[in-house]
Amino acid sequence: MSKSFFESKKWKKTMNFIYGFGAAIVIVGALFKILHLPGANAMLSVGLLTEAAIFMISAFEPVHQEPDWSLVYPELAGGEPS
């Protein structure tokens, strides 16, 4: 069973980096906006556009499949623990 590109570790690390980078820009842009410093509008725009793009791309990721925990913990299925 091969993993798709969207399930690969490299993809997840890249998305985490981009998501964190976009969030950092939004936070700093909000700080600039609160303090009325120049460049706040540009930073907020870039950060929010980055976040929007990430959310659009993440829509193509496969749905996480929850494992069948009753195989590990039979008491969840009403069985007896071994």
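Residues numbered from 1 in each chain as written. Predicted model: local features only at pLDDT ≥ 70, side-chain atom pairs only at ≥ 80, totals over all residues. Heavy atoms only, no water.

(A) Region of interest: helix α1 (residues 9–34). Compared with an ideal rise of 1.5 Å per residue, which puts 26 residues at 38 Å, α1 spans 37 Å between its outermost C-alpha atoms and is within 8% of the ideal. Taken together, the buried positions of α1 are W11, M15, G22, I25 and G29. Against α2 (40–58) lie the buried residues of α1. Phi turns positive one or two residues past the end of α1, at H36, with a value near 60°. (Helix = DSSP H or I, 4+ residues; strand = E, 2+ residues; numbered from the N terminus. Expected span 1.5 Å × (residues − 1). Buried < 20%, exposed > 50% of the residue type's maximum accessible area, 1.4 Å probe, protein only. Contact = heavy atoms within 4.5 Å.)

(B) Region of interest: unusual backbone geometry. You will see that H36, though not glycine, has its phi angle at about 60°, which is positive. Here H36 is to be found in the loop between α1 and α2. Among the residues examined, H36 registers a relative accessible area of 72% and is labelled exposed.

(C) Representation of α2 in the model. Counted at 1.5 Å a residue, the expected span for α2 with its 19 residues is 27 Å, and the 27 Å between its end C-alpha atoms agrees. By the burial criterion, the buried members of α2 are A40, L44, G47, E51 and I54. For α2, the angular spread of buried residues about the axis comes to 100°, placing them on one side. Of the residues in α2, the exposed ones pointing more than 90 degrees away from the buried face are L49 and M56. Buried-residue contacts for α2 involve α1. (Arc of directions from axis to C-beta.)

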